[in-house]
Amino acid sequence: MSARILDGKAVAARIIEQLAQQTERLTQAGKRPPALAVVLVGEDPASAIYVRSKKQDCAKSGIRSISHELPASTSQEALLALVHSLNADPEVDGILVQLPLPAHIDADAITAAIDPAKDVDGFHSYNIGRLAQKMPTLRPCTPKGMMTLLAETGENLVGKDAVVVGASNIVGRPMALELLMARCTVTICHSATHDLPAKVRGADIVVAAVGRPQFVKGDWIKPGAIVLDVGINRLDDDRITGDIEYEVARERASWITPVPGGVGPMTRASLMENTFIAAGHTL
Ligand SMILES: NC(=O)C1=CN([C@@H]2O[C@H](COP(=O)(O)OP(=O)(O)OC[C@H]3O[C@@H](n4cnc5c(N)ncnc54)[C@H](OP(=O)(O)O)[C@@H]3O)[C@@H](O)[C@H]2O)C=CC1
Ligand SMILES: Nc1nc(=O)c2c([nH]1)NC[C@@H]1CN(c3ccc(C(=O)N[C@@H](CCC(=O)O)C(=O)O)cc3)C=[N+]21
Ligand SMILES: [Mg+2]
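Residues numbered from 1 in each chain as written. Chains lettered and ligands numbered in written order. Predicted model: local features only at pLDDT ≥ 70, side-chain atom pairs only at ≥ 80, totals over all residues. Heavy atoms only, no water.

Per an unreviewed UniProt entry, the chain goes by the name Bifunctional protein FolD and belongs to Leeia aquatica. Taken from UniProt, the Function (unreviewed entry) comment for the chain reads in full: "Catalyzes the oxidation of 5,10-methylenetetrahydrofolate to 5,10-methenyltetrahydrofolate and then the hydrolysis of 5,10-methenyltetrahydrofolate to 10-formyltetrahydrofolate." Its UniProt record, at the heading Subunit (unreviewed entry), says of the chain: "Homodimer." (UniProt positions renumbered as here; feature names shortened; annotations may be inferred.)

See below:
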């Protein structure tokens, strides 16, 4: 079998087109468009690329993007003050502080300072707690985007065995919570997991979010499994590759996301959706 491709780029473009139509209706009704504040500290080249593409997505969606680009030397106090002013600003619906932050800044303290109602990343403990209690509010963008892709397959997820490789606060853990809410049986693997190949071999759904190129081998994939690759690993020649041995995995999987063009664009589309939700609109 050769897998069908889960085309995140195409699905994301469709979502953004629908949001653009919604913004058009809002503005025709005399309302202002949703507004997203994006905060970038320092000059990390990958972060600068991501922030640029988020601004392009805002432009396509009709969302107003408000950019704050601060030097790497910015103090924790100054960044906290900016977050507090964005929290208090009625013209700002969503706040995203691009990660990673410089080492002298406590990223957890910044995440905690963002008003949960404006936390379009869905990283605040309130929003994670709500997801854990099956009452999601603003949902983390990468897992949310993957759930949209799973819905695209048309497969019934109930009772499927899902394995999430990676347990970070921003991807692996919230993805496990999403899959649990969808009534999958979920196994979360991390760097202390014994016999990872055996775990993956049992999975109907595999999510790889490790950050190591080709880490999940194609021959671990159960025939017919759905395979979602979150990894973004930049190679020496500047191309990017995922965490899954794609060419082998695609011969076994029923559905698979490519890198690039899979999960990444869905993260950004989910961010645009969350900005609408934070602005008080239903999708
Ligand atoms: N496409 C997208 O939209 C996004 C892509 N990414 C990409 O996804 C990848 C993961 O990101 P992120 O979650 O932030 O990464 P982190 O580095 O925060 O987490 C990596 C996870 O992988 C686990 N891990 C590391 N080594 C192993 C191993 N040998 N066996 C099993 N598990 C292991 C770690 O385990 P432990 O917990 O024990 O340390 C950890 O839980 C990166 O490539 C990143 O660039 C990230 C965000 C969005
Ligand atoms: N506060 C915060 N929120 C985030 O959501 C966040 C963050 N910080 N820091 C970094 C990670 C990473 N991340 C990606 C988003 C989109 C792509 C993406 O669009 N990728 C494209 C192209 C990538 C390329 O060509 O470089 C693709 O996979 O096709 C990738 C990675 C969001 N993150
Ligand atoms: Mg996000």
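Asker: Would you explain the site of ligand 2 in this entry?
Answerer: If you check the shell around ligand 2, you find 17 residues, and the closest are Val-97, Leu-99, Asp-121, Arg-234 and Gly-261. Between an oxygen atom of ligand 2 and a side-chain N or O atom of Arg-234, the distance comes to 2.7 Å. At 3.5 Å, a backbone N or O of Gly-264 approaches an oxygen atom of ligand 2. In isolation ligand 2 has 670 Å² of accessible area, and contact with the protein removes 82% of it. Classifying every residue of the shell around ligand 2 by side-chain character gives nine nonpolar, four polar and four charged. Three or more residues apiece are contributed to the shell around ligand 2 by two domains, here domain 1 (30-117) and domain 2 (141-264). (Near = heavy atom within 4 Å. Polar contact = N/O pair within 3.5 Å; in protein donor to acceptor, adjacent residues only side chain to side chain. Areas by Shrake-Rupley, 256 points an atom, 1.4 Å probe, with all protein chains shown as cover. Nonpolar A, V, L, I, M, F, W, Y, C, P; charged D, E, K, R; others polar. Domains from an automatic or database assignment.)

Asker: Sorry, what's going on with the sheet that holds strand 4 (residues 94-97) here?
Answerer: The strands making up a sheet associate through backbone hydrogen bonding, with each pair oriented either parallel or antiparallel. Read across the open sheet, the three strands follow the order 3-2-4; overall the sheet is parallel. Each edge of the open sheet carries a strand with a single partner, namely strand 3 (64-70) and strand 4. Shown here is a sheet whose adjacent strand axes are inclined to one another by a mean of 15°, direction ignored. Where strand 2 (residues 35-41) and strand 3 come together, seven bridges link them in parallel fashion. Each bridged residue has a counterpart across the sheet, and for Leu-36 the counterpart in strand 3 is Ser-65. Here helix 3 (residues 76-88) sits on the sheet and contacts strand 2, strand 3 and strand 4; the angle it forms with strand 2, its principal contact strand, is near 180°. (Pairing = 2+ DSSP bridges. Helix = DSSP H or I, 4+ residues; strand = E, 2+ residues; numbered from the N terminus. Axes fitted to C-alpha atoms, helices over the stretch in contact; angles between N-to-C directions. Contact = heavy atoms within 4.5 Å.)

Asker: Where do I start with the site of ligand 1 in this structure?
Answerer: Not every one of the 20 residues close to ligand 1 is listed here, only the nearest: Ala-167, Ser-168, His-190, Ser-191 and Thr-267. Note that an oxygen atom of ligand 1 is positioned 2.6 Å from one of the side-chain N or O atoms of Ser-168. At a separation of 2.5 Å, an oxygen atom of ligand 1 approaches a polar side-chain atom of Thr-267. Burial of ligand 1 by the surrounding chains reaches 68%, relative to a free accessible area of 920 Å².

Asker: Which parts of the structure should I look at to understand the UniProt feature "domain: Tetrahydrofolate dehydrogenase/cyclohydrolase catalytic" (unreviewed entry) in the chain?
Answerer: UniProt tags residues 6-121 as "domain: Tetrahydrofolate dehydrogenase/cyclohydrolase catalytic" (unreviewed entry). Between the C-alpha atoms that bound residues 6-121 the distance is 23 Å, and the span itself is 50% helix and 16% strand.

Asker: I would appreciate a short explanation of the state of the cysteines in the present structure.
Answerer: Covalent bonding between the sulfur atoms of two cysteines is what defines a disulfide. All told, the structure shown has zero disulfides when counted by the stated rule. With no disulfide partner, Cys-141 has as its closest neighbouring cysteine sulfur the one in Cys-58, 11 Å distant. Cysteine Cys-184 is unpaired, with the sulfur of Cys-189 as its nearest cysteine sulfur at 14 Å. (Disulfide = S-S within 2.5 Å.)

Asker: Honestly, the environment of Asp-7 in this entry has me stumped. Any pointers?
Answerer: One can find Asp-7 in the loop between strand 1 (4-5) and helix 1 (8-28). When the C-alpha positions of Asp-7 and Val-259 are compared, they lie 9.9 Å apart, and in sequence the two are 252 residues distant. At 3.0 Å, the side chain of Asp-7 forms a polar contact with the backbone nitrogen of Ala-10.

Asker: I'm lost on the pattern of salt bridges in this one. Help?
Answerer: Opposite charge on two side chains makes pairing possible when the charged atoms of those side chains draw close. This structure, assessed with the given rule, holds 10 salt bridges. In this structure, Arg-14 and Glu-152 form a salt bridge, with 2.8 Å as the shortest nitrogen-oxygen distance. A residue pair is termed long-range when its members are at least 10 positions apart, and Arg-14 in helix 1 and Glu-152 in helix 6 (residues 141-153) qualify at 138 residues. Judged by relative accessible area, Glu-152 falls into the partly exposed class, the value being 34%. Ionic pairing is found between Glu-178 and Arg-139, a salt bridge with its closest N-O pair at 2.7 Å. Placement of the pair is Glu-178 in helix 7 (residues 172-181) and Arg-139 in the loop between helix 5 (125-132) and helix 6, with a sequence separation of 39 residues. Through salt bridges with shared partners, a single network forms among Arg-32, Glu-91 and Asp-93. (Salt bridge = Lys/Arg side-chain N within 4 Å of Asp/Glu carboxyl O. Buried < 20%, exposed > 50% of the residue type's maximum accessible area, 1.4 Å probe, protein only.)

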